[in-house]
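Structural overview for review
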Amino acid sequence: MNRQTIEFAGEAVGALMPDNGQLRFVAVKYSVWSLDGRIYATAEEALRAVAALHVLRQRGPVGAGPVPTGRDEAMLAAGSA
């Protein structure tokens, strides 16, 4: 078992280091920092975790919608209509 680089969207985001027959994730980008130190059975499992993390970040906060741009829209959003 050798070290492996994990890439996402063409960018190296982490490395997998052998650890007692499994793979320990070492984050090299802040976007995957929360995965640092986690253990995975396969490189594919680690890549799925990286992809899932990026998908969650792209969704944004729950309930977030478009920001009102006009006066009427702002009043409707505030419940003043």
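Residues numbered from 1 in each chain as written. Predicted model: local features only at pLDDT ≥ 70, side-chain atom pairs only at ≥ 80, totals over all residues. Heavy atoms only, no water.

**Focus: the nonpolar core**
- Core analysis: the biggest nonpolar cluster contains 14 residues, and I6, L16, F25, V32, L35, Y40 and V50 have the highest contact counts within it.
- A total of five residues in this core trace back to one element, the largest contributor, which is helix α1 (residues 43-59).
- For L35, the residues in contact, after removing those within four places along its chain, are F25, Y40, A49, V50 and L53. (Core = buried A, V, L, I, M, F, W, Y, C linked by side-chain atoms within 4.5 Å. Buried < 20%, exposed > 50% of the residue type's maximum accessible area, 1.4 Å probe, protein only. Helix = DSSP H or I, 4+ residues; strand = E, 2+ residues; numbered from the N terminus. Contact = heavy atoms within 4.5 Å.)

**Digging into the sheet that holds strand β3 (residues 22-27)**
- Read from one edge to the other, the open sheet built from four strands follows the order β1-β2-β3-β4, with strand pairing classed as antiparallel. Two strands bound the open sheet, and with one partner strand each, they are β1 (4-8) and β4 (39-40).
- Here β1 runs beside strand β2 (residues 11-19); their pairing, made up of five bridges, is antiparallel. Paired with I6 across the bridge in β2 is G14. (Pairing = 2+ DSSP bridges.)

**Here we look at the side chain of D19**
- Along the chain, the position of D19 falls in strand β2.
- Within polar-contact distance, the side chain of D19 engages the side chain of N20 at 3.4 Å.
- Aside from chain neighbours lying at most four places away, what touches D19 is R24 and I39. (Polar contact = N/O pair within 3.5 Å; in protein donor to acceptor, adjacent residues only side chain to side chain.)

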